[in-house]
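Structural overview for review
As a plain string of letters, each chain reads:
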Amino acid sequence: MKQQSEPRLTTREKAKVAGYVARMCKRGIAGEHVYQGDLERKVERVIDGARRREERASKSRK
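Residues numbered from 1 in each chain as written. Predicted model: local features only at pLDDT ≥ 70, side-chain atom pairs only at ≥ 80, totals over all residues. Heavy atoms only, no water.

**Focus: the overall build of the chain**
Counting secondary structure elements, the chain contains two helices and zero strands. The C-alpha radius of gyration of the chain comes to 15 Å, more than 25% above the 11 Å expected for a compact globule of 62 residues. Along the first, second and third principal axes, the C-alpha atoms of the chain reach 50 × 30 × 15 Å. Relative to its full complement of 62 residues, the chain shows a buried share of 23%. With an accessible surface of roughly 5,400 Å², the chain has 52% of that area assigned to carbon and sulfur atoms. (Helix = DSSP H or I, 4+ residues; strand = E, 2+ residues; numbered from the N terminus. Rg over C-alpha atoms; globule rule 2.2 N^0.38 Å. Buried < 20%, exposed > 50% of the residue type's maximum accessible area, 1.4 Å probe, protein only. Areas by Shrake-Rupley, 256 points an atom, 1.4 Å probe, with all protein chains shown as cover.)

**Comments concerning the side chain of E13**
Positionally, E13 belongs in helix α1 (residues 11-30). The class of E13 is buried, set by a relative accessible area of 13%. Polar side-chain contacts of E13 include one of 2.8 Å to the backbone nitrogen of T10. Of the polar contacts made by the side chain of E13, one reaches the side chain of R53; its length is 2.9 Å. Apart from residues lying up to four places away in sequence, E13 is in contact with R8, V46, A50 and R53. (Polar contact = N/O pair within 3.5 Å; in protein donor to acceptor, adjacent residues only side chain to side chain. Contact = heavy atoms within 4.5 Å.)

**A closer look at the nonpolar core**
Grouped together as the largest cluster of nonpolar side chains are seven residues: V17, Y20, M24, L39, V43, V46 and I47. Those elements that place two or more of their residues in this core are α1 and α2 (37-61). Beyond its immediate sequence surroundings of up to four residues, V43 is in contact with V17, Y20 and M24. (Core = buried A, V, L, I, M, F, W, Y, C linked by side-chain atoms within 4.5 Å.)

**Details of the environment of R8**
Position of R8 among the secondary structure elements: in the segment before α1. If near-sequence neighbours (up to four positions away) are discounted, R8 is found in contact with E13, A50, R53 and E54.

Structure (structure tokens):
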């Protein structure tokens with residue numbers, strides 16, 4: 001499987017990811033057995049959206 005490069009994030013996307021990571025850190029302080037899968041999925045969703053945005057932008061440039 002081809003390794004995808006990380007997309008360039010907009011300022012809004014960076015802020016969302018930073019907020020989710022901060023919440024994951026806060027949950028991590030509560031204990032190592034605290035569920036964080038929901039926040040991990042949200043981060044992945046933001047990154048996937050950035051990938052789709054870049055793909056659309058590259059297609060429109062051609």
